[in-house]
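# Structure assessment
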Amino acid sequence: QVQLQESGGGLVQPGGSLRLSCSASRSIFSIYAMGWFRQAPGKQRELVAIATSGGATTYRDSVKGRFTISRDNANNTVYLQMNSLKPEDTAVYYCYANYVLTAYWGQGTQVTVSS
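Overview of the structure. (Residues numbered from 1 in each chain as written. Predicted model: local features only at pLDDT ≥ 70, side-chain atom pairs only at ≥ 80, totals over all residues. Heavy atoms only, no water.)

Moving on: the state of the cysteines. Inspection of the entire model under this criterion finds one disulfide. Each disulfide pairs two cysteine sulfurs, and for Cys22 the partner residue is Cys95, the sulfurs being separated by 1.9 Å. Across the S-S bond linking Cys22 and Cys95, the dihedral sits near -85°, which makes this disulfide left-handed. Placement of the pair is Cys22 in strand 3 (residues 18–24) and Cys95 in strand 9 (residues 91–99), with a sequence separation of 73 residues. Each member of the pair, Cys22 as well as Cys95, is classed as buried. (Disulfide = S-S within 2.5 Å. Helix = DSSP H or I, 4+ residues; strand = E, 2+ residues; numbered from the N terminus. Buried < 20%, exposed > 50% of the residue type's maximum accessible area, 1.4 Å probe, protein only.)

Below, the structure is given as structure tokens:
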């Protein structure tokens, strides 16, 4: 099993930056995939970014060039660096892990982009 704890959400102005952190309860070296999803009010949960243990990364088109996912295996932590934030990025962001073909989710952290 994997327990995930997100942090780093908050209120930021358009064009600003924020870094989300996800701490896992076990070594992420053995976790096939970790990443981030988000869910805005009235919308479906959507993929933001995924990083596999092999180093491959996937981003949704709307965040390419602005968001960067990284894995710090030594600290069992996954980060999402978000730059040039837009109001449409406002959502609850959920950490995700796939371990032994099972999906695990964090409790979510609120990101609000507003003036």
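Next comes the rest of the account.
This brings us to the sheet that holds strand 1 (residues 4–7). Read across the sheet, four strands follow the order 1-3-8-7 without closing on themselves; strand pairing throughout is antiparallel. Looking along the sheet, the strands with just one partner apiece sit at the ends: strand 1 and strand 7 (67–72). If you compare each strand with its neighbour and ignore which way they point, the axes differ by 15° on average. Pairing of strand 1 with strand 3 involves four bridges; the strand directions are antiparallel. Bridge pairing links Leu4 to Ala24 in strand 3. (Pairing = 2+ DSSP bridges. Axes fitted to C-alpha atoms, helices over the stretch in contact; angles between N-to-C directions.)

All we've got here are geometric facts, nothing functional implied.
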